[in-house]
Amino acid sequence: MEEDDKKLLDDKPLMEDDTEELEDPEVVLDCVPREAEQKAGLGSSCPGIEQSKDKQKQRLTAQEKMQASLLRRDLSHVDQLHEEKDLFIQKTRGDLRACRRRMELLVKQQESVAAEMAAERAANNMAAMGRLEAASQRLCSELKNEWDLQARMMAVLQQSESTLWQIEVQEGQLEDARKSAQEEAAAARRGLQERAARQLDREMGASEKAERNRLLRARRCMHLQKELGLRQQKLVEEAQKNHRKALKFLKASLGRIREQEQKEELEAREHMRRRMDAVLALKNSISANRETLRKFQAWSQSKTELAEQQAQAEKKAILAQGGDAFKHLCHQRRRQELEAQNRAFEKEQKRRKQEIVSRLLKEEAVEDRRRPRPEPPRPTGQRSLRDQTWSYVATVCDGQSTEAPPCCPLVSGGPGSTGPCLPAKISTTESALAPGPFLLENRSRFYQSSLLLTAISSESVQGDGSSLGGQDTLAWPEIPGLWKEDYKPFQVSKDDVDQKPVGGTKMDKDILARTMQRLRSGVIHKQVASGREFRGCPFNSKPKFIHFKDFDVGKVYKKKITLINATYTINYCKLVGVDEGLQDFIHVDFDPPGPLSAGMSCEVLVTFKPMINKDLEGNVSFLAQTGGFSVPLKCSTKKCSLSLDKELIDFGSYTVGETAIRTITLTNTGGLGTKFRFLLASETCEMDTSQSALKLSSIFTYEDKGFYDKFTTSFSEHQMEGNESSPTDVPSQKESGKLDVKEQEEGHPIEGMTLTTIMTIPPNEEQMEFSLGETTEGDIGPFSSIKVPVIFTPIVPGTVQNSFKVVFKNQQCPTLYFKVIGVAIDVPVWVPKPNVDLKICMYDRLYQDSILVHTRSKAALRLKFEVCKELRGHMELLPETGYIQALSSYSVQLKFLPRHSLPEDAGKYFDKETRVLEAPMTIWVADQIKPLGFTVHAVVTTSDLELSPAGLDFGYCTIYEAIRTQISLCNHSLLPQEFGFVGLPKFVDIQPNDGFGTILPLETLQLDVIFQPTKAKEYNFELICKSEINRCFKLACRAVGVHPPLELSHYQIKFAATSLYDTSVATLYVINSHLSMNSLTHSVPRIGSEDAFPVGPTSFEFLLPPDSPITISPLVGTVWPGKRCLVRVAFRPVLPSELIHQEAFQALSRKAEIKSSQKETVTQRKDQRRSSFSMLRLQNQDRLLQASASQPPEVQKKDLASSSQEYQSAQASLTRSFQGKFDKFVVPCVVASGDTKDRKGTEPLSFSPHNTLYLELWCPAVAPSIVVTSDKGKTIINFGDIAAGHRGIKKVSIQNISPEDLDLEYSVLNPDGPFVLLNPTIRLPSGETQVLDLSFSPRESVLAQETLDIITKKGTLSLALMGTGVASTITCSIEGDVLNMGYVIARESVSLGFKLQNNSLLPIKFSMQLDSLSSRSRDQHLLPQFLASPDQRTEVVGTQNYSGQSVFSVVPVEGIMEPGKAQDFTVTFSPDHESLYFSDLLQVVLFEKKVSHHILLKGAAREHMMFVEGGDPLDVPVESLTVIPAFDLEHREGEPPPGPPSPEAEELKPILVTLDYVQLDPDTQAPPATRELQVGCIRTTQLSAKKTVEFSMDNIAALQHKGFTIEPSKGSVERGQTKTISISWTPPIDFDPDHPLMASALLQLRGDVKETYKVLFVAQVVTGP
């Protein structure tokens, strides 16, 4: 009955809900438009519907189409209303039936309730009656509600049925319109089908027509190809005939050419031999000249030293006499200079006379050869140039003064210069001085020297010619009266002699020298290591030579050198200084490094600031412990270093009238520019010089006969060489130039370099065959070059040669010479193009060219063209014979068809390495012995294209993928070629440009061959590559097509741009579509031509590449036939760990550098007072270099963890600066037959490598849109350690770094977790920063970790929240949490200590509580302990003191324990009466809430100093409320033992000892049963006569008889000690196992009192555990 009531109560809300949902659907009736009814009515009664079909086929007007569309809409609306109303009626009827069922149920319930009420009324149960009456009233109300609901539903149902009838009536009215609409729709469909059929017919006709046109074009193409083939065949036959004809003539021509070449080779060898002989002779001459020069130099040096010694001796003598030695030397030097000038002038005069005579004789001989006929008579009144010259020579020889030309003033000689008459002088000159090559070459040089001597002597010597050799002179002494005869030298007075000189006397100097020697001997000492004495330079310099090259005055130059200790042990180094001449320009910065070990080095900075433009040399001196050493130093100014690239230009043979051009290059490798000019060797030129008279006159200040001797030596050397040397001998010029430079550096004047300053240029009287181009003079800059063309225009047949020279304004630059040689040929017939260049030719290709032959002959000539014998099979000249008319030209055709045998046939004419062919062709001219030749040049190359590799094996490839393989196409030709791959199968593609293109000479192209099979089979095919000359190159290919049993829904996934540390997810399906093995209906999975793959479950596995940001789930799975498996692919880009480590190391390095620089700055400020600015800057640089070199290795030694601050800072920095990255991964998916669940254990499935599928992933990574700006960008929020029950708050700043505003969403944190986001932000504008507050509230000791995702439309920022809830964990030093205080004399106390260790990271507040003192123990109302069983006793508070004070006390009671520290506690036990059951519970309470430890405190108290422990318990651990007197105990224990009566009744205390002998096997002897008793003596502070406790046990023999063994039976115990009594029992032979053995013995203890214990032994045998 109660269950029915519950059902009724549950059903009531249902009925109320149903009542509320029912609505009156009258409103739907208005949805049917009246226009539709009218149209339907009109449609049904309109005669137009019944009209004929011809009128229906007419085109409808726009109004009719509109009416038809409205009618269709009304019909569909009516249908929809009918369907909805029908459904509503069905639902209402169902609700009505349910209502009636509920009413029937309510009626039944009313009847049952009425029956129950009658029964309860009879039973007079008023409570039940009330309940049933309430239920009856409820049922009545529910029944009434159901009746009302039924009535409303009936009304609604009737109204709905009437509405449905109206709708059906309207449908009947519109039935005719519906039929007409259906007919129209069918007619429209039929019309569409007819139009489609007609369109199909037209398209079929058009396709047939196109096919006919294609066939017609194919037939035409085939016809044209046949015609072209016949034409090509005819051309090939004609070419072969011509080739056979030309081959015969070509072989003959090649034979003749080879013979000619052999002759030319023999002549060349002979010419080379002669040249080698000349070179050897020249070498011998040079070596002889060098030896002679060395002798003269040694002689000059000895004379110079001797003169210096003489000068020093004279100086000392003058000083000894007290005169002025400097003035004396100046006057003497001036006299010697004048004498030298006079001697040089006389010598020059003689040389000029000899030169003029030799030139006149030579000119006379030439004129005699050219003009053999007599010279016509001259006018008597006019003197010729020759007569004037002879008269000038005679005048000079006679010593008469003549009028010199204005350009060359002459100075006559002295009185003794008269010589013999002119004829005798001429004969002497002709016999003694034959004009050699030296005179011819240096004629202009001597002439220039004479002019310079004249100019110098005119400046330094005043007077006529007669006064040069006599006493009269205009020179005056510097000091007046010095040169007078009555001049007396200055005498030093005696007073002045007694005074000490400025530098000290000689004795003082000697003393000073000896003192310095002793001091240096103390500083410098020998170094001996391992018995070996070091000898040599103590320090090696790197570089060994300090050279400041090409310096500018005013600039500062610095060089750094390194001094390395080369000795055996420690050495020192000290800067001594630089040479005196360098002190104004050189500054050395050197910090003495202190002791340097062997091999160590130190640095020296040398600063050079030039103030004058002059070469400087010297040394930088240092002093080491083993001796001094120096580093050479040289400072050189900018100089010119000029050279020509050629010394001989050979033009070869050219016909008269032709022009040839060669180029010669003038190169300046020095740092100083100068002016230059190209001239003939015989020409002279005047160059401006800016040297002062003092510089020119200083040439002659040498005190001996150096100038005169050098001229004599040079003249004699060239005379010795004779005709073996020529003016163009370049080696001799170079050697002499080197020697002159060396002499100039040593201080000797060089006349050939400084005297050639004034030249005259004679007019060019005749046309020259060699000429220079436009650029013959100008300026050449430093480190530059200039090219000058040399033009050869032959005029007269024969060999022509000429010499040129290059002169420079800079007098330190020597004149450069070069020689030009050419051969002029005069032939009547010539070829304008002697070199025919066919460029680059291919094998088996025909090349033609026309060769033009000209003639200057006035008669017709017969020409015969001949090809060398070796090339007659490849080259042909047509026609072979021809006639050239007078003064005309003739053209011959050259045909060149190189064969592959050309390298072997051509022989020496073909260079196999360069592929260059130089074929000599010969033109024979009638009546001319010397033939005319020309050369055909060609580079012959192959047309081969090489494909590598020779064959391609694509291996196994599935039909869902393509394999790309690279091939190399190499062009071995020297010409570019077009190529293309033709006839490719459908499953092959070649890229780029579909396999077509142009390949350059000797180029190798990489082409991609893409193979994609269409079905599973074995493929064998060829790729054909054709070149532009229709050559075919084939490449064999093979592959195996594979149809795998599984397929992927997507083989390529392109992820969206994903932010760093965000995740993008894509899904795909692994599909198993293999359902049948029937290969006739569809293609079945197989590998090539192998058997088909079986139908069944198929497993797959994705193999991810290592260290990839890709995650695939599931990696392994099984797909059943006809099913598919969903696979999730996730992409999460992260920064590489190596990159983050590198950035972190760099940041640490920068910090270390900043710290070191700060330290160095402080040090610099302290040292600033003691060091100069330049020195300080050098030290700073050195220190910074050392710091930067030493700090990074220290930083790199640190091992950065991913959780370290440096690592996370570097990660945040790289994340903000991330520029984006795109990666592409290919993930293989292997396939195997079978289910992964069927494999046994870890046995792998048999995956076939050929059935592998490949998934391509495109993974673009971008920088995040939101970054963390707080805490250096860390995304790990670590709250650290928070005590349980407390809360920690962290603030995190996030910034929007994207260019647009972002809406923020947050992931849901664990509601029961400790993390809470306090202030979520919905929107974050661009560039702004928002602070988020996060809290961490742990409830227990736990390591909490959650992830908070901040989600935007551009990505997700994940914040890792970490925190540790720290519980107050401490450890106690007491094992087992029981502290036993032991035995104590009553009313005394004992203390024990223990420690509590704080193992947490937080300070802990503690308090110590005893249960005996807590209110909790007092408030508990429990049964007394003596009434409770031992198992139910939970109280640990035992016996307490009678005085009310606590038995136990603890110090300290409360306090705070620091993290990692330990706290000492002291427990004191103070009993005031005897008891064995003192106990209490000590609780360690942390933070006044949590109890961490329960420590049980136990102790026992005795009135006397002895005690016994052990045995079985015989009483309860609770004291009685009353004190039992002693006599009661005696009466309770029984009769006293026998013996003499004592004044006091002796108490016997029982001890029960139970021994169980365990015997599991009756055949095996078991070990005896053992027990122990402890006898102890308590340490006390009371005075007592006995210091020990003695014990003894009687009745030992009786116990042994019963099998008991007691060890020891008696003994003594010291204070504070215990002794163990061992009791063992073995059953005797007569032991009855059914009855336990009982025995007793008395144990007596004697201490301050005597105590007796009765020990009861109960032994039994136990057969089981």
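These numbers come from a predicted model, not from an experiment.

Further remarks concern the overall build of the protein chain. Of regular secondary structure, the protein chain possesses 24 helices and 77 strands. When the 1665 residues of the protein chain are sorted by exposure, 35% land in the buried category.

A word on the pattern of salt bridges. Evaluated as defined, the whole model comprises 42 salt bridges. Of the charged contacts, one joins Glu 533 and Arg 535 as a salt bridge, the two residues approaching to 3.3 Å between their closest N and O atoms. With a relative accessible area of 28%, Glu 533 lands in the partly exposed category.

Following the sequence through the fold, His 1043 ends up in strand S38 (residues 1032–1043). Only 3.5 Å separates the side chain of His 1043 from the backbone oxygen of Val 1084, close enough to count as a polar contact. In contact with His 1043, not counting residues within four places along its chain, are Ile 959, Tyr 960, Ala 1016, Ser 1083, Val 1084, Pro 1085, Arg 1086 and Asn 1251.

Turning next to the confidence of the model for the protein chain. Looking at the protein chain, the pLDDT average stands at 77 and 76% of residues meet or exceed 70. Here residues 1521–1545 is a poorly scored stretch, pLDDT under 50, and it has eight contacts once near neighbours within four places are set aside; other chains count.

For Tyr 1383, the location among the structural elements is in strand S61 (residues 1378–1385). A distance of 3.2 Å separates polar atoms of two side chains, one belonging to Tyr 1383 and the other to Glu 1509.

Strand order in this open sheet of four strands is S39-S42-S47-S45, and the pairing throughout is antiparallel. Strands with a single pairing partner mark the edges of an open sheet, and in this sheet they are strand S39 (1047–1048) and strand S45 (1110–1113). Bridge analysis of S45 against strand S47 (residues 1124–1131) gives four bridges, and the strand direction is antiparallel. Bridge pairing links Ile 1110 to Phe 1131 in S47.

This part is about a nonpolar patch on the surface. A grouping of Ile 1289, Val 1316 and Leu 1318 is seen on the molecular surface, where their side chains present a nonpolar patch of about 240 Å² in accessible area. The class for Ile 1289 is partly exposed, based on a relative accessible area of 47%.

This part covers the pairing of strand S37 (residues 1018–1027). The alternating pattern of S37 places Tyr 1019, Phe 1021, Leu 1023, Cys 1025 and Ser 1027 on a buried face and Glu 1018, Asn 1020, Glu 1022, Ile 1024 and Lys 1026 on a face that is not buried. Here four bridges tie strand S33 (residues 977–982) to S37, and the two strands are oriented antiparallel to one another. Its bridge partner being in S37, Phe 981 is matched across the sheet by Cys 1025. With nine bridges joining them, S37 and S38 adopt antiparallel strand pairing. Each bridged residue has a counterpart across the sheet, and for Tyr 1019 the counterpart in S38 is Ala 1039. Between S37 and S38, which pair antiparallel and follow one another directly, the connecting turn spans four residues, one of which, Asn 1030, has a positive phi of 65 degrees.

This next bit is on the packing of helix H6 (residues 175–321) against helix H7 (residues 325–370). Contact geometry for H6 and H7: axes closest at 9 Å, N-to-C directions at 135 degrees. Between H6 and H7, the interaxial angle falls into the category oblique. Note on packing geometry: the crossing formed by H6 with H7 is right-handed. Across the interface between the two elements, Glu 314, Lys 315, Ile 318 and Leu 319 of H6 pack against Ala 325, His 328 and Gln 332 of H7. Tallied by class, the residues present in the contact of H6 with H7 amount to three nonpolar, two polar and two charged.

A few words now on helix H4 (residues 62–123). Helix length check: H4 (62 residues) gives 91 Å between terminal C-alpha atoms against 92 Å at 1.5 Å per residue, within 8%. Looking at the residues trailing H4, positive phi occurs at Asn 124, about 60 degrees.

Contact geometry of H4 with helix H5 (residues 126–173) gives a least axis separation of 8 Å together with a crossing angle of 160 degrees. As far as their axial angle goes, H5 and H4 are roughly antiparallel. Here the hand of the crossing between H4 and H5 comes out left-handed. When the residues that make up the contact of H4 with H5 are grouped by side-chain class, the tally is 25 nonpolar, eight polar and 16 charged.

For the rest of this paragraph, the subject is unusual backbone geometry. Residue Gln 991 is joined to Pro 992 through a cis peptide bond whose omega torsion reads 5 degrees. One can find Pro 992 in the loop between strand S34 (988–991) and strand S35 (996–999). For the bond from Glu 1607 to Pro 1608, the omega torsion is -15 degrees, close enough to zero to count as cis. Assignment of secondary structure puts Pro 1608 in the loop between strand S73 (1604–1607) and strand S74 (1610–1614). Phi angles above zero are rare outside glycine, and Asp 994 is one such case at about 60 degrees. Mapped onto the fold, Asp 994 is located in the loop between S34 and S35.

Looking now at a positive patch on the surface. Together, Lys 1151, Lys 1155, Lys 1159 and Lys 1272 give the surface a local cluster of positive charge. Mapped onto the elements, Lys 1155 comes out in helix H19 (residues 1137–1167). You can call Lys 1155 exposed: its relative accessible area is 54%.

All chains considered together, the criterion is met by 36 aromatic pairs. An angle of 75 degrees between the planes, with centres 5.7 Å apart, marks the rings of Phe 1100 and Phe 1102 as edge-to-face. By relative accessible area, Phe 1100 is classed as buried at 0%. Residue classification places Phe 1102 among the buried positions, given a relative accessible area of 2%. Each residue in the set Phe 954, Phe 987, Phe 1011, Tyr 1019 and Phe 1021 is aromatic and connected to the rest through ring pairs, giving one cluster. The aromatic ring of Phe 548 is capped on one face by Lys 559, whose charged end is 5.9 Å from the ring centroid. Across from the ring centre of Tyr 1069, 3.8 Å away, lies the NZ or CZ of Arg 1124, which sits over that ring.

Turning our attention to the sheet that holds strand S71 (residues 1569–1577). Through backbone hydrogen bonds, the strands of a sheet pair up, either in parallel or in antiparallel fashion. The four strands are arranged S69-S71-S75-S73 in an open sheet whose pairing can be described as antiparallel. Sheet topology places strand S69 (1506–1510) and S73 at the edges, where each strand pairs with a single neighbour. For this sheet, the mean angle separating the axes of adjacent strands, direction not counted, is 20 degrees.

So, about the pairing of strand S9 (residues 616–624). Here S9 shows a buried face lined by Leu 616, Gly 618, Val 620, Phe 622 and Ala 624 and an unburied face lined by Glu 617, Asn 619, Ser 621 and Leu 623. In the sheet, strand S6 (residues 573–578) pairs with S9 via five bridges, with the strands oriented antiparallel. When the sheet's bridge partners are listed, Gly 577 is paired in S9 with Ser 621. As defined by bridge partners, S9 adjoins strand S10 (residues 627–636) across nine bridges and the pair is classed as antiparallel. Within S10, the position partnered with Val 620 by the bridge is Val 631. Following S9, the chain reverses through two residues before pairing antiparallel with S10.

This paragraph deals with the nonpolar core. Core analysis: the largest hydrophobic core is formed by 38 residues, its most contacted members being Leu 871, Met 875 and Leu 917. Other than its neighbours up to four places away in sequence, Leu 871 contacts Leu 250, Leu 254, Leu 902, Ala 906, Leu 917 and Ala 919. Core analysis: the next-biggest nonpolar cluster, separate from the first, contains 37 residues, Met 1506, Ala 1566, Leu 1573 and Cys 1577 among them.

Basis of the calculations
- Residues numbered from 1 in each chain as written.
- Predicted model: local features only at pLDDT ≥ 70, side-chain atom pairs only at ≥ 80, totals over all residues.
- Heavy atoms only, no water.
- Helix = DSSP H or I, 4+ residues; strand = E, 2+ residues; numbered from the N terminus.
- Buried < 20%, exposed > 50% of the residue type's maximum accessible area, 1.4 Å probe, protein only.
- Salt bridge = Lys/Arg side-chain N within 4 Å of Asp/Glu carboxyl O.
- Polar contact = N/O pair within 3.5 Å; in protein donor to acceptor, adjacent residues only side chain to side chain.
- Contact = heavy atoms within 4.5 Å.
- pLDDT = per-residue confidence, 0-100.
- Pairing = 2+ DSSP bridges.
- Patch = residues over 30% accessible without salt bridge, like charges linked within 9 Å, V, L, I, M, F, W, Y side chains within 5 Å.
- Areas by Shrake-Rupley, 256 points an atom, 1.4 Å probe, with all protein chains shown as cover.
- Axes fitted to C-alpha atoms, helices over the stretch in contact; angles between N-to-C directions.
- Parallel < 35°, antiparallel > 145°, perpendicular 65-115°, else oblique.
- Left-handed = near helix turned anticlockwise from the far one by under 90°.
- Nonpolar A, V, L, I, M, F, W, Y, C, P; charged D, E, K, R; others polar.
- Expected span 1.5 Å × (residues − 1).
- Lys, Arg positive; Asp, Glu negative; His and termini not counted.
- Charge placed at Lys NZ, Arg CZ, Asp CG, Glu CD.
- Phe/Tyr/Trp six-rings, centres within 6.5 Å; stacked < 30°, edge-to-face > 60°.
- Lys NZ or Arg CZ within 6 Å of the ring centre and 35° of its normal.
- Core = buried A, V, L, I, M, F, W, Y, C linked by side-chain atoms within 4.5 Å.

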